[in-house]
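# Structural features, examined
The residues making up each chain are set out below.
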Amino acid sequence: MSRKDDIEKIKKHGFKAFRPERHSYEDENGQKHMQCKFCCEYQKVDDNVGWITCSSCLTKIDMIQHPESFISKQYKPTGRPPGWHWMAEFVDKDGNVFHKGKEQPDLKGTLKPTKIKPRKKKKKLSADQKLQRDLKNWKKRKQIKRKQKTKK
Ligand SMILES: [Zn+2]
């Protein structure tokens, strides 16, 4: 099963739903093995008491409980808006001052960070909505034309 499926499962049933009804065994070398309470994968253990969570499941749990830390591990945003190096003056959150993308070390910490406007997300229109939008635009144009005619 993929990691994604496992995460869905854990999310759906919750951690508590995974009760440690797991089997354990001892191999011929006396090494104890136990099943992970989430994925049933056998793991080597010193003591087969209670239940264990394997390292891959620990990662999954970590991803669920701290998605933000996981994301930040993979992707580190600069916190700078797109096109910041074309701005006449841009101050990042650490107080670094840039004039058209060139750092001005002398000015560091003297200015307030530039406020970044959140980018508006463009909604994807369905074919039907597109048609309605086009119809609206067409009606508007028609009205404008009419007004122009009446003015003359
Ligand atoms: Zn596991």
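So, a few notes on the structure that sits alongside this text.

What counts as what
Residues numbered from 1 in each chain as written. Predicted model: local features only at pLDDT ≥ 70, side-chain atom pairs only at ≥ 80, totals over all residues. Heavy atoms only, no water. Pairing = 2+ DSSP bridges. Helix = DSSP H or I, 4+ residues; strand = E, 2+ residues; numbered from the N terminus. Axes fitted to C-alpha atoms, helices over the stretch in contact; angles between N-to-C directions. Buried < 20%, exposed > 50% of the residue type's maximum accessible area, 1.4 Å probe, protein only.

## Digging into the sheet that holds strand S1 (residues 24–26)
- Within the open sheet, the three strands sit side by side as S1-S2-S3. Their pairing is antiparallel. Bordering the open sheet on either side are S1 and strand S3 (42–45), each of which pairs with just one other strand. Taking the axes of each pair of neighbouring strands and ignoring which way they run, one obtains an average angle of 30° across the sheet.
- Pairing geometry for strand S2 (residues 32–35) and S3, over four bridges, is antiparallel. Counterpart to Lys-32 in the pairing with S3 is Val-45.

## Some remarks on unusual backbone geometry
- One non-glycine residue with positive phi stands out, namely Cys-40, at about 65°.
- In this structure, Cys-40 sits in the loop between S2 and S3.
- Here Lys-100, not a glycine, exhibits a phi torsion of approximately 50°, which is positive.
- Turning to its location among the elements, Lys-100 is positioned in the loop between strand S5 (97–99) and strand S6 (102–103).
- Of the residues examined, Lys-100 reaches a relative accessible area of 59% and is grouped as exposed.

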